[in-house]
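# Secondary and tertiary structure notes
So the chains spell out like this:
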Amino acid sequence: MTDRAAQHFDREAADYDAPRRRLVPPFDGFYGAAVAALELGATPPRRVLDLGAGTGLLTQHVLAARPDVRPTLFDGAPAMLDRARERLGDAATYVVGDLHDAPPPGRWEAVVSALAIHHLEDDAKRALFARVHDGLVPGGVFVNAEQVLAPTARLQAHYRAWHEREAKARGATDAEWDASVRRMRHDRWATVADQLDWLRAAGFPDAACLFADHCFAVLVARRSG
Ligand SMILES: C[S@@+](CC[C@H](N)C(=O)[O-])C[C@H]1O[C@@H](n2cnc3c(N)ncnc32)[C@H](O)[C@@H]1O
């Protein structure tokens, strides 16, 4: 695993969780919509794969709503998964791997991801969407909760100003915000419209944006069947 982003997260794992609610202003609505999106699947999911699972925040939300789920957490940063293991214990399986190769073999009833796929270049996102499609059972669901690019430069500036204002209103210091801006320079955000196109091209007939608050959006796609 040589990906720069994963190495960065390995170094920062211990400090990852504390500022989440400040830096993701619609935290509850965002993660809540990702969990609610699982209802699109043909059956209640049991085998759920979390891509770029990090310290397990999204899986924790999934398990709170669906305790029957048997989650697998996939991430390139072992230290992030160590934090997830502290959080979730033996309720989950942990796999270190690269999103360029994901998903690991399995017939997944749901694949979920939060704030991770934007670390990939657009071509790699598209390739990942196709592999996720192929790894799902018929009627399986893919939920991608993401930080997204605005459709125009003017809107992007508006999103950025909103994000900074809301993070600081929730207690983010100037230093915390500046560090977050430095990290975001490495992100490869894509618009909701492009990602929905790529999901349909990957073979998902049903793809939609179920939640959007400025630069935070939850996309869902269901495999036929
Ligand atoms: C911002 S964190 C999100 C963690 C978690 N999903 C959440 O909602 O808090 C992004 C995660 O993606 C992982 N990641 C980034 N690029 C990756 C790659 N190429 N392969 C595997 N994991 C990667 C990082 O290690 C990190 O844990």
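This write-up is about the structure you can find in this document. Note that the structure is predicted; figures quoted are calculated from it, not measured. (Residues numbered from 1 in each chain as written. Predicted model: local features only at pLDDT ≥ 70, side-chain atom pairs only at ≥ 80, totals over all residues.)

Moving on: the overall build of the chain. Per the secondary structure count, the chain includes nine helices and seven strands. Computed over the C-alpha atoms, the radius of gyration of the chain is 16 Å, within 12% of the 17 Å expected from 2.2 N^0.38 for a compact globule of 225 residues. The dimensions of the chain, computed from C-alpha atoms along their principal axes, are 45 × 40 × 35 Å. The 225 residues of the chain split such that 40% are buried. Long-range pairs, those at least 24 residues apart, make up 72% of the contacts in the chain between residues at least 6 apart in sequence. (Helix = DSSP H or I, 4+ residues; strand = E, 2+ residues; numbered from the N terminus. Rg over C-alpha atoms; globule rule 2.2 N^0.38 Å. Buried ≥ 20, exposed ≤ 12 C-beta atoms within 10 Å, placed from the backbone. Contact = placed C-beta atoms within 7 Å.)

Here the focus is the packing of helix α3 (residues 27-36) against helix α4 (residues 57-65). Geometry of a packed helix pair, given as the angle between the helix axes and the separation of the axes. In contact at an axis separation of 9 Å, α3 and α4 are set at 60 degrees when each is read in the N-to-C sense. If you check the angle between α3 and α4, you find them oblique. Crossing angle aside, the handedness with which α3 passes α4 is right-handed. In this structure, α3 uses Tyr31, Ala34 and Val35 to contact α4, whose residues at the interface are Leu57, Leu58, His61, Val62 and Ala65. Within the contact of α3 with α4, the residues separate by chemical class into seven nonpolar, one polar and no charged. (Axes fitted to C-alpha atoms, helices over the stretch in contact; angles between N-to-C directions. Parallel < 35°, antiparallel > 145°, perpendicular 65-115°, else oblique. Left-handed = near helix turned anticlockwise from the far one by under 90°. Nonpolar A, V, L, I, M, F, W, Y, C, P; charged D, E, K, R; others polar.)

Pairing between the strands of a sheet comes from backbone hydrogen bonds, and it takes one of two forms, parallel or antiparallel. Spatially, β3-β2-β1-β4-β5-β7-β6 is the arrangement adopted by the seven strands of the open sheet, whose pairing is mixed. In this open sheet, the two edge strands, each paired with only one partner strand, are β3 (93-96) and β6 (206-213). Across the sheet, the mean angle separating the axes of adjacent strands is 15 degrees when strand polarity is ignored. With seven bridges connecting them, strand β5 (residues 136-147) and strand β7 (residues 216-222) associate as antiparallel partners. The partner of Ala145 across the bridge, within β7, is Val218. The strands touched by α3 are β4 (108-114), β5, β6 and β7; relative to β6, the strand with the most contacts, the crossing angle is about 160 degrees. Against the sheet, helix α5 (residues 78-88) contacts β2 (70-75) and β3, and its axis sits at roughly 175 degrees relative to β3. (Pairing = 2+ DSSP bridges.)

At 3.6 residues per turn, the α-helix brings residues three or four places apart onto the same side. Here helix α6 (residues 122-135) spans 20 Å end to end across 14 residues, near enough to the 20 Å set by a 1.5 Å rise per residue. Among the structural elements, β4, β5 and α9 (192-201) are those in contact with the buried residues of α6. (Expected span 1.5 Å × (residues − 1).)

It is worth spelling out the site of the ligand at this point. The environment of the ligand is formed by 20 residues, the closest being Gly52, Gly54, Gly76, Ala77 and Ala114. Of all the elements in the fold, those that place two or more residues in the shell around the ligand are α1 (4-12) and α4. In terms of residue count, the dominant contributor to the shell around the ligand is α1 (three residues). Of the residues contributing to the shell around the ligand, the split by class is twelve nonpolar, five polar and three charged. (Near = placed C-beta within 6 Å.)

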